[in-house]
Amino acid sequence: MNKKSFFTQQVLIWYSDHQRNLPWRSTRDPYTIWLSEIILQQTRVAQGLPYFMRFIKKFPSVYDLAKASEKKVLKEWEGLGYYTRARNLHRCAKRVVSKYNGRFPDTYNELITLPGIGSYTAAAIASISFNECVPVVDGNVNRVLCRVFGIHDEIQSSTGKKRIYALAEKLIDCRQPAAFNQAIMEFGALHCTPKAPRCSDCTLAKICVANKEQLQEWLPVKKKKAPVRKRFFTYFMIKDGRRWAMQQRKGNDIWKGLYEPYLIETKQQKTVSELIKKDTFLKVLNPDPNVKPSPVYHHLLSHQKLTIRFVELAIKRKPGKDFKMPGIIKFYSKSALESLPKAIIVHRFIKEHVAT
């Protein structure tokens, strides 16, 4: 038996003995498979599973998801991060309903045309739901193939992508593509992990290049990370009686479509009194310039480090008639405030500090 045949056989045997009992594993329903794959992109199963269960309960069919408001979808997604996934999830559901009458297309080539569905997700749905012989290539697959077969190309390079995909095409068992694709992903997630892979009891150890040459920590080869961008956010929790001011984030930036308190972003940390003096809106509200901010919170995103403070302000003097409230700011009651989709750091602060 050659190396490729041995690999395919052993991965399938391993999977039959070690696969996790996950809710999307007991069905071939494309809606369920699609939902799980989108939620689990850039998210660990332990973190994503509760979201999957909530989404299936709240939106049991693609019709339910399509007719929901974006605001409601973002609220259910709150805390998962990478909110573009949620917006594309909603757009895709609408497309499936409007163009395909609620039935997901059954081929890779059609699936990949849908919003938010890339080559990996299209391959996962096509193989698992429709038994199409097309390989999936995600981070776990990249890692397993690079280590076992000694691929030194940078995995995001054109050459690397082509080489890995061509290898995956040769390895996939077209008699059972769903099982093979799930097997290799599961093997990467549980056994051939990024750190401390279980090489001592690995079924592929005798054919693995990384194991023979002690290259586990060097493979796969990844491009250097982009420099981290530092941003300083000061949120002003403005209270008017029993209502709180919030605004919706616009533009092509993090947390698009989510709600947040009035924000001043600076290139370096400033005192609260400095920020109030220079901000037209806050000056008119006449807050106490000596108000103390919350402790500093550090929030890490991909290639960004946010330093965040919250400042609670009660309006002392109503703006005059000649002053126009910034159009993006609206006041909400406590219950309405809680229902708004927010970044997790904002959600937690409001939950812990905002009283009725």
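Please refer to the structure higher up on the page.
The text that follows walks through the structure, step by step, so that each part is easy to find.

On to helix α3 (residues 45-58). When the terminal C-alpha atoms of α3 are compared, their 19 Å separation across 14 residues agrees well with the 20 Å that a helix rising 1.5 Å per residue should span. On its buried side, α3 packs onto α2 (30-40), α4 (62-67), α5 (70-77) and α6 (84-100).

Summarising burial for strand β4 (residues 262-266): four of the five residues are buried, a large majority. In this structure, strand β1 (residues 229-240) lies alongside β4, joined through five bridges in antiparallel fashion. Residue pairing in the sheet places Tyr235 in a bridge with Leu263 of β4.

Once that is clear, we can look at the pattern of salt bridges. Throughout the structure, instances matching the rule amount to 14 salt bridges. Across the pair Lys67 and Asp64 runs a salt bridge, and its minimum N-O distance is 4.0 Å. Taken as a pair, Lys67 and Asp64 lie in helix α4 at a separation of three residues, close to a single helical turn. In this structure, a network of salt bridges that share partners links the residues Arg231, Arg249, Asp253, Glu260 and Glu265.

Summed over all chains, the structure comprises one disulfide. Disulfide pairing is shown between Cys133 and Cys174; the S-S distance is 1.8 Å. Judged by the torsion about the S-S bond (-65°), the Cys133/Cys174 disulfide is left-handed. On the criterion of sequence distance, the pair formed by Cys133 in the loop between α8 (119-130) and α9 (139-149) and Cys174 in the loop between α10 (158-171) and α11 (177-190) is long-range, its members being 41 residues apart. We classify Cys133 as partly exposed; its relative accessible area is 33%.

Attention shifts here to the environment of Asn181. The topology assignment puts Asn181 in helix α11. The exposure class assigned to Asn181 is buried, which follows from its relative accessible area of 0%. Spatially, the C-alpha atoms of Asn181 and Ala123 are 9.0 Å apart, while their sequence positions differ by 58 residues. When sequence neighbours within four positions are dropped, the list of residues in contact with Asn181 reads Ala123, Ser127, Val134, Pro135, Val136 and Ile172. One polar contact links Asn181 to Ser127, side chain to side chain, over a distance of 3.0 Å. Engagement of the side chain of Asn181 in a polar contact is seen with the backbone oxygen of Val134, the distance being 3.0 Å.

Right, let's get into the nonpolar core. Burial of nonpolar side chains together is a common tendency in soluble globular proteins. With 98 residues, the main nonpolar core has Phe7, Trp34, Leu145 and Trp255 as its most contacted residues. When residues of this core are assigned to their parent elements, the largest contribution, seven residues, is made by α8. Not counting chain neighbours up to four residues away, the residues in contact with Phe7 comprise Val144, Leu145, Val148, Phe149, Leu171, Phe180, Ile184, Leu204 and Ile207. If you look at the next biggest cluster of nonpolar residues, it comprises 15 residues, including Phe236, Ala245, Leu275 and Leu282.

This part is about the side chain of Gln216. Relative to the helices and strands, Gln216 resides in the loop between α12 (209-213) and β1. Excluding its chain neighbours within four sequence positions, the residues that come into contact with Gln216 are Arg147, Pro197, Cys199, Ala210 and Asn211.

Moving on, we get to the packing of aromatic side chains. Considering all chains together, one arrives at 15 aromatic pairs under this definition. Summarising the aromatic geometry, the rings of Trp34 and Phe104 are spaced 5.2 Å apart at their centres and angled 50° between planes, so their arrangement reads as tilted. Of this pair, Trp34 sits in helix α2 while Phe104 is found in the loop between α6 and α7 (108-111), placing the two residues 70 residues apart along the sequence. Among the residues examined, Trp34 registers a relative accessible area of 1% and is labelled buried.

Reading the values: rules and limits
Residues numbered from 1 in each chain as written. Predicted model: local features only at pLDDT ≥ 70, side-chain atom pairs only at ≥ 80, totals over all residues. Heavy atoms only, no water. Helix = DSSP H or I, 4+ residues; strand = E, 2+ residues; numbered from the N terminus. Expected span 1.5 Å × (residues − 1). Contact = heavy atoms within 4.5 Å. Buried < 20%, exposed > 50% of the residue type's maximum accessible area, 1.4 Å probe, protein only. Pairing = 2+ DSSP bridges. Salt bridge = Lys/Arg side-chain N within 4 Å of Asp/Glu carboxyl O. Disulfide = S-S within 2.5 Å. Polar contact = N/O pair within 3.5 Å; in protein donor to acceptor, adjacent residues only side chain to side chain. Core = buried A, V, L, I, M, F, W, Y, C linked by side-chain atoms within 4.5 Å. Phe/Tyr/Trp six-rings, centres within 6.5 Å; stacked < 30°, edge-to-face > 60°.

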